[in-house]
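These are the residues of each chain, in order.
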Amino acid sequence: QVQLVESGGGLVQAGGSLKLSCTASGRTFSSSAMGWFRQPPGKEREFVTCVSWNGGNTYYADSVKGRFTISRVSAKNTVYLQMNSLKPEDTAVYYCAASSGRAYSSTRADEYDYWGQGTQVTVSS
């Protein structure tokens, strides 16, 4: 059974930082794209960032560019999201996603086949 498990969420003041982790089990994703999406309260899920199979290509939503950094350690089957200079509008449930066969990253949620359960990030003003 394939599972993606996120951790690292929590409550932080505006301007602070958090680092999310997502570890996969049940299969390796070393040849697959992975990404992070989020769902703010009362809104639809939205793209945050993604990374290609080898970490060589990354994409970011304009709203997080320059503040968030995605990285991956394939040997650990883990992807990270470093979030700096957090703003109240970053408050959301953050989801990790992995593709079953796509090597290069995509901003589209329907390109990903596996999803984590989500971790809550709350940024207070």
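The following paragraphs examine the structure supplied in this document. (Residues numbered from 1 in each chain as written. Predicted model: local features only at pLDDT ≥ 70, side-chain atom pairs only at ≥ 80, totals over all residues. Heavy atoms only, no water.)

**Quick notes on the sheet that holds strand S7 (residues 68-73)**
For step 1, the next point in the chain: With respect to topology, four strands assemble into an open sheet ordered S1-S3-S8-S7, the strand pairing being antiparallel. A strand with exactly one partner marks an edge of an open sheet, and here the two such strands are strand S1 (3-7) and S7. This sheet shows a mean twist of 15° between the axes of neighbouring strands, independent of strand direction.
For step 2, the next point in the chain: Note that S1 and strand S3 (residues 18-25) share five bridges and pair antiparallel. Bridge assignment links glutamate 6 to a residue of S3, and that residue is cysteine 22. (Pairing = 2+ DSSP bridges. Helix = DSSP H or I, 4+ residues; strand = E, 2+ residues; numbered from the N terminus. Axes fitted to C-alpha atoms, helices over the stretch in contact; angles between N-to-C directions.)

**Regarding the nonpolar core**
For step 1, the next point in the chain: In this structure, Trp36, Met83 and Tyr94 are the most contacted members of the largest nonpolar core, which totals 32 residues.
For step 2, the next point in the chain: When contributions to this core are tallied by element, the ones reaching two or more residues are S3, strand S4 (34-39), strand S5 (46-51), S7, strand S8 (78-83), strand S9 (92-98) and strand S11 (119-124).
For step 3, the next point in the chain: Top contributing element to this core by residue count: S9, with five residues. (Core = buried A, V, L, I, M, F, W, Y, C linked by side-chain atoms within 4.5 Å. Buried < 20%, exposed > 50% of the residue type's maximum accessible area, 1.4 Å probe, protein only.)

**Some points on the state of the cysteines**
For step 1, the next point in the chain: Under the counting rule described, the total for this entry stands at one disulfide.
For step 2, the next point in the chain: Cysteine 22 shares a disulfide with cysteine 96; S-S distance 2.1 Å. Its S-S torsion of about -75° marks the bond between cysteine 22 and cysteine 96 as left-handed, since a negative value means left-handed. Here the residue cysteine 22 occupies a position in strand S3, and cysteine 96 occupies one in strand S9, the gap between them amounting to 74 residues.
For step 3, the next point in the chain: Owing to a relative accessible area of 0%, cysteine 96 belongs among the buried residues under this scheme.
For step 4, the next point in the chain: The thiol sulfur of cysteine 50 is not disulfide-bonded, and the nearest other cysteine sulfur, from cysteine 96, lies at 12 Å.
For step 5, the next point in the chain: Since its relative accessible area comes to 0%, cysteine 50 is described here as buried. (Disulfide = S-S within 2.5 Å.)

**Some remarks on the packing of aromatic side chains**
For step 1, the next point in the chain: Summed over the entire model, instances satisfying the criterion amount to five aromatic pairs.
For step 2, the next point in the chain: For the ring pair phenylalanine 37 and tryptophan 115, a centre distance of 5.1 Å and an interplane angle of 55° mean the geometry is tilted. Here phenylalanine 37 is found in strand S4, whereas its partner tryptophan 115 is found in strand S10 (residues 114-115), with 78 residues between them in sequence.
For step 3, the next point in the chain: For phenylalanine 37, a relative accessible area of 2% puts it in the buried group. (Phe/Tyr/Trp six-rings, centres within 6.5 Å; stacked < 30°, edge-to-face > 60°.)

**Considering the pattern of salt bridges**
For step 1, the next point in the chain: What the rule picks out here adds up to six salt bridges.
For step 2, the next point in the chain: Put simply, arginine 38 and glutamate 46 hold a salt bridge, and the shortest N to O gap is 2.7 Å.
For step 3, the next point in the chain: The exposure class assigned to arginine 38 is buried, which follows from its relative accessible area of 4%.
For step 4, the next point in the chain: The class of glutamate 46 is partly exposed, set by a relative accessible area of 29%. (Salt bridge = Lys/Arg side-chain N within 4 Å of Asp/Glu carboxyl O.)

**Observations concerning the pairing of S4**
For step 1, the next point in the chain: Counting buried residues along S4, five of its six residues qualify, which places the element largely inside the surrounding structure.
For step 2, the next point in the chain: Taken together, the five bridges between S4 and S5 define a ladder with antiparallel strand orientation. Note on S5: the bridge partner recorded for methionine 34 is valine 51.
For step 3, the next point in the chain: If you look at the hairpin formed by S4 and S5, you'll find six residues sitting between the two strands, and glycine 42 has a positive phi there, around 75°.
For step 4, the next point in the chain: Alignment of S4 against S9, held across six bridges, turns out to be antiparallel. In the strand pairing of S9, arginine 38 is matched with tyrosine 94.

Just geometry here; none of it tells us what the structure is for.
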